[in-house]
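Commentary on secondary and tertiary structure
The primary structure of each chain is shown beneath.
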Amino acid sequence: SALKTIFNEKDEKSVGGAVLKLNAAELCKLAGVAKSPGGEADRVTMEELTSSTKGFVQKFADAAGALDYLCITDGKYPGYLVEIPQDTAIGSETSFRTWQMPAVDLTTQAKEGMLYPIGAGDTV
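We now turn to the structure provided with this report. On a predicted model such as this, the values are computed, not experimentally measured, just so you know.

Remarks on the packing of helix H1 (residues 24–31) against helix H2 (residues 46–59)
- Where H1 meets H2, the axes come as close as 8 Å, and the angle between the chain directions of the two elements is 50 degrees. When the interaxial angle is binned, H1 and H2 end up oblique. Pair H1 / H2 crosses with left-handed handedness. Contacts between H1 and H2 involve Leu 27, Cys 28, Leu 30 and Ala 31 on the former and, on the latter, Glu 48, Leu 49, Ser 52, Thr 53, Gly 55, Phe 56 and Lys 59.
- Residues of the contact of H1 with H2, tallied by class, amount to 6 nonpolar, 3 polar and 2 charged.

The structure is reproduced here in structure tokens:
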């Protein structure tokens with residue numbers, strides 16, 4: 001499994017890794033990375049994803065230290081799961097393990113008529 005599981009012997013419980021879910025445009029904005037000219041409607045580039053992940057970790061070091069993963073959605077495009085190494089030092093050249101997650105095309109899932117995922121945001 002790609003996700004870390006931590007076993008706490010004292011409590012005899014398994015605890016999953018901490019994940020922050022946000023969309024690519026939000027991550028770029030938080031990290032101060034300029035999004036491509038098409039804005040939120042365009043697919044995030046790998047350069048934008050890498051720069052914004054590094055920028056987020058540097059800008060929000062305390063939050064990043066508490067996280068194991070960023071789950072990044074990108075509208076109708078594939079999303080990403082990015083592992084944040086716990087040994088990440090501010091200003092260091094860190095490589096992040098990144099997995100691309102396919103997006104589900106709901107138009108092919110509808111049996112009859114159109115689907116209206118009101119309030120689902122870019123999770124669809």
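So that's the structure; there's more coming.
A few points about the packing of aromatic side chains
- Within this structure, the stated rule accounts for 1 aromatic pair.
- Between Phe 56 and Phe 60 the ring centres are 5.2 Å apart and the planes differ by 40 degrees, which places this aromatic pair in the tilted class.
- When its relative accessible area of 4% is taken as the criterion, Phe 56 is described as buried.
- The class of Phe 60 is partly exposed, set by a relative accessible area of 29%.

Considering the nonpolar core
- With 18 residues, the main nonpolar core has Leu 27, Leu 49, Phe 56, Leu 70, Ile 72, Tyr 80 and Val 82 as its most contacted residues.
- Counting residues per element, the ones that place at least two in this core are H1, H2, strand S4 (69–74) and strand S5 (77–83).
- With 4 residues, H1 is the single largest residue contributor to this core.
- When neighbours within four sequence positions are excluded, Leu 49 is seen to be in contact with Leu 27, Val 44, Ile 72, Tyr 80 and Thr 98.

Some remarks on the side chain of Asn 23
- Within the fold, Asn 23 resides in strand S3 (residues 19–23).
- Among the polar contacts listed, one links the side chain of Asn 23 to the backbone nitrogen of Ala 25, at a separation of 3.1 Å.

What to know about the pattern of salt bridges
- All told, the structure shown has 2 salt bridges when counted by the stated rule.
- Lys 35 is paired through a salt bridge with Glu 48; the nearest N and O atoms lie 3.4 Å apart. Taken together, the residues span a long stretch of sequence, with Lys 35 in the loop between H1 and H2 and Glu 48 in helix H2 at a distance of 13 residues.
- For Arg 97, the salt bridge identified is with Glu 83, shortest N-O distance 3.5 Å. Linking Arg 97 in the loop between S5 and strand S6 (98–101) with Glu 83 in strand S5, this pair joins segments that are 14 residues apart in sequence.
- Of the residues examined, Glu 83 reaches a relative accessible area of 13% and is grouped as buried.

What counts and what doesn't
- Residues numbered from 1 in each chain as written.
- Predicted model: local features only at pLDDT ≥ 70, side-chain atom pairs only at ≥ 80, totals over all residues.
- Heavy atoms only, no water.
- Axes fitted to C-alpha atoms, helices over the stretch in contact; angles between N-to-C directions.
- Helix = DSSP H or I, 4+ residues; strand = E, 2+ residues; numbered from the N terminus.
- Parallel < 35°, antiparallel > 145°, perpendicular 65-115°, else oblique.
- Left-handed = near helix turned anticlockwise from the far one by under 90°.
- Contact = heavy atoms within 4.5 Å.
- Nonpolar A, V, L, I, M, F, W, Y, C, P; charged D, E, K, R; others polar.
- Phe/Tyr/Trp six-rings, centres within 6.5 Å; stacked < 30°, edge-to-face > 60°.
- Buried < 20%, exposed > 50% of the residue type's maximum accessible area, 1.4 Å probe, protein only.
- Core = buried A, V, L, I, M, F, W, Y, C linked by side-chain atoms within 4.5 Å.
- Polar contact = N/O pair within 3.5 Å; in protein donor to acceptor, adjacent residues only side chain to side chain.
- Salt bridge = Lys/Arg side-chain N within 4 Å of Asp/Glu carboxyl O.

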